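Per-entry structural report
Letter by letter, the chains look like this.
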Amino acid sequence: MTTTATTALTHIANLVTNDPSLGDGTPLGLIRDAAVVIDGDRVVWTGESSKAPATDNAVDAGGRAVVPGFVDSHSHLVFAGDRTAEFNARMSGRPYSAGGIRTTVAATRAASDDELSANVARYLDEALRQGTTTFETKSGYGLTVEDEARALRIAARHTDEVTFLGAHIVSPDYTDDPAGYVDLVTGPMLDACAPHARWIDVFCERGAFDEDQARTILTAGLAKGLHPRVHANQLGHGPGVRLAVELDAASADHCTHLDDADLDALGQGSTVATLLPGAEFSTRAAWPDARRLLGAGATVALSTDCNPGSSFTSSMPFCVALAVRDMGMTPDEAVWSATAGGAAALRRTDIGRITPGARADLVLLDAPSHVHLAYRPGVPLIRAVWRAGERVV
């Protein structure tokens, strides 16, 4: 018979539970002078510190805040190479376009499995030290059957949230035959990749895939048991958001250019609008209007979009600060979207919250309030991280 030790985090100044039935009754479910009890990999109790039950171990938070582990539901970590020159040129006046992806495709194809896996591990460790305890990552820098499948195999060593993105751009090998590439993605490539992925994604955008192509690809993925996600409405207005809602995609990601019909669709459907402020920061593009989305009743997530071209950051705290400063979100909304919102974008109920039964993913901030994530941008506020009940930072 095996037993697990229980641990209590006590004297938490402000505990973000993301359970509105707790604490102050807001979406954050904020409990002041709080405690959390962990048993194994689960949270088993939350409440006022003075009422915490006896446990085997105790950690004194010392009047600091605790938030759920960040849930990064959109990243591109299986890659090789560097695009510093592209970034430098763009910051000197050249606008971003999807074509830069081809540079990373060439470098990724040339890299070994060990090199790619080491890169993924490096960026995940970087993210973990900044409080990210759950992440999704995609293929999309191979664009051949063999390279896409190996990207997903490598990603699956590091996370369960793996997305097949063979439809990132039309492969350079099929520049003159985009229809042939769609046939490849929905045929042999999908057959090879589906066993290693949970999700299927498509870049529905000018310079990538149009509405009909995107629908064909996502529908084929559904038939193989993969659930859709969509890169939508990033570079301009297009059909991506409404296609995502039509197919009950878990998320429509970017959502920069929206009309009223897009807002209505997101407000009435279950598709999460995932905003990626790192991309706008790194491309000097227009900021998404989070206020319009929230006003329409849409569920909003925040993620890093960590990739070597348009958003080379793994920092969820940085994205929280950008969302507050430049996208019209309140600090409460941004923290909720970086935790519970990301969980919703992955259709998970076991993460993104600190309530009994949830996985014990917690971040202890070196600050008395979650508001400091936006109030003190760029400051290393992550003091400790627990993932599945184990202290990992």
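See above for the structure.
Since this is a predicted model, take the numbers as computed values, not measurements.

**A few points about the environment of phenylalanine 70**
Tracing the chain through its elements places phenylalanine 70 in strand β5 (residues 70-72). Here phenylalanine 70 falls in the buried class, since its relative accessible area comes to 0%. For the pair phenylalanine 70 and serine 315, spaced 245 residues apart in the sequence, the C-alpha separation amounts to 9.7 Å.

**Examining empty space enclosed by the protein**
On inspection of all chains with the given rule, the structure shows four cavities of 30 Å³ or more. Estimates place the volume of the second largest cavity at around 70 Å³. As for the second largest cavity, its lining consists of Asp72, Ser75, Leu77, Tyr123, Leu124, Ala127, Thr132, Phe135, Thr304, Cys306 and Ser314. Counting only elements with at least two residues in the lining of the second largest cavity, the list comes to α3 (113-128) and β6 (132-138). Among the elements that make up the lining of the second largest cavity, the one with the highest residue count is α3 (three residues).

**Here we look at the pairing of β6**
Burial within β6 is extensive, with seven of its seven residues counted as buried. Direction of pairing for β5 relative to β6: parallel, over a ladder of three bridges. Bridge assignment links valine 71 to a residue of β6, and that residue is threonine 134.

**Concerning the sheet that holds strand β14 (residues 382-387)**
Across the sheet, which stays open at both edges, the seven strands sit in the order β3-β2-β1-β4-β13-β14-β15 with mixed pairing between neighbours. Only two strands of the sheet have a single neighbouring strand rather than two, namely β3 (42-48) and β15 (390-391).

**Side note on the pairing of strand β8 (residues 199-204)**
Of all six residues that make up β8, six are buried, and the element is covered over most of its length. Residues Trp199, Asp201 and Phe203 of β8 are buried on one face, and the alternating residues Ile200, Val202 and Cys204, pointing to the opposite face, are buried as well. Bridge count for strand β7 (residues 161-167) against β8 is three bridges, and the pairing is parallel. Following the sheet pairing, phenylalanine 164 is matched in β8 by isoleucine 200. Note that the unit made of β7, helix α5 (residues 178-193) and β8 has a crossover that is right-handed. Read as a crossover between parallel neighbours, the route from β8 over helix α6 (residues 211-223) to strand β9 (residues 227-232) is right-handed.

**Focus on the environment of alanine 58**
When you line up the elements, alanine 58 lands in strand β4 (residues 57-68). Among the residues examined, alanine 58 registers a relative accessible area of 60% and is labelled exposed. Residues alanine 58 and phenylalanine 318, 260 residues apart in the sequence, show an inter-C-alpha distance of 30 Å.

**A word on the sheet that holds β8**
Each strand in a sheet pairs with another by means of backbone hydrogen bonds, the pair being arranged parallel or else antiparallel. With respect to topology, eight strands assemble into an open sheet ordered β5-β6-β7-β8-β9-β10-β11-β12, the strand pairing being parallel. Each having just a single partner strand, β5 and β12 (300-302) make up the two edges of the open sheet. Direction aside, neighbouring strands of the sheet carry axes that sit 25 degrees apart on average. As judged from the six bridges shared by β8 and β9, these two strands associate in the parallel manner. Within β9, the residue paired with cysteine 204 across the bridge is alanine 232. Sitting on the sheet, helix α12 (residues 331-345) is in contact with β5, β8, β9, β10 (251-254), β11 (272-275) and β12, with an inclination near 105 degrees to β12.

**So, unusual backbone geometry**
With a phi angle near 55 degrees, aspartate 248 is a residue other than glycine that sits in the positive phi range. Among the secondary structure elements, aspartate 248 is positioned in the loop between α7 (240-246) and β10. Of note in this structure, histidine 254 is not a glycine but carries a positive phi near 105 degrees. Mapped onto the elements, histidine 254 comes out in strand β10.

**Focus on α3**
Here α3 is 16 residues long and its end C-alpha atoms lie 22 Å apart, about the 22 Å a rise of 1.5 Å per residue gives. Restricting attention to buried positions, one finds in α3 the residues Leu116, Ser117, Asn119, Val120, Tyr123, Leu124, Ala127 and Leu128. For α3, the buried positions fall inside an angular range of 165 degrees around the axis, keeping them on one side. Within α3, the exposed residues directed more than 90 degrees away from the buried face are Asp114 and Arg122. Against α2 (101-110), β6, α4 (145-156) and β14 lie the buried residues of α3.

**Some remarks on helix α8 (residues 260-268)**
For α8, the full list of buried residues reads Asp262, Leu263, Ala265 and Leu266. Down the axis of α8, the sector holding all buried residues measures 160 degrees, keeping them to one side. Facing away from the buried side of α8 by over 90 degrees, the exposed positions are Asp260 and Gln268. The residue sitting at the N-terminus of α8 and contributing the capping side-chain oxygen is aspartate 259; that oxygen lies 3.1 Å from the backbone nitrogen of alanine 261.

**Quick look at the packing of aromatic side chains**
Scanning the entire structure with this criterion turns up seven aromatic pairs. When the ring of phenylalanine 79 is compared with that of tyrosine 123, the centres are 5.5 Å apart and the planes differ by 15 degrees; the resulting orientation is stacked. Highlighted residues: phenylalanine 79 in the loop between β5 and α1 (84-91) and tyrosine 123 in helix α3, separated in sequence by 44 residues. As far as burial versus exposure is concerned, phenylalanine 79 and tyrosine 123 are alike and both buried.

The rules behind each value
Residues numbered from 1 in each chain as written. Predicted model: local features only at pLDDT ≥ 70, side-chain atom pairs only at ≥ 80, totals over all residues. Heavy atoms only, no water. Helix = DSSP H or I, 4+ residues; strand = E, 2+ residues; numbered from the N terminus. Buried < 20%, exposed > 50% of the residue type's maximum accessible area, 1.4 Å probe, protein only. 1 Å grid on protein atoms, 1.4 Å probe; cavity = no way out; pocket = protein on both sides within 12 Å on 5 of 7 lines; lining within 4 Å. Points joined across faces, edges and corners; volume = space filled by probe spheres on them. Pairing = 2+ DSSP bridges. Right-handed = clockwise from strand over helix to strand, strands pointing away. Axes fitted to C-alpha atoms, helices over the stretch in contact; angles between N-to-C directions. Contact = heavy atoms within 4.5 Å. Expected span 1.5 Å × (residues − 1). Arc of directions from axis to C-beta. Polar contact = N/O pair within 3.5 Å; in protein donor to acceptor, adjacent residues only side chain to side chain. Phe/Tyr/Trp six-rings, centres within 6.5 Å; stacked < 30°, edge-to-face > 60°.

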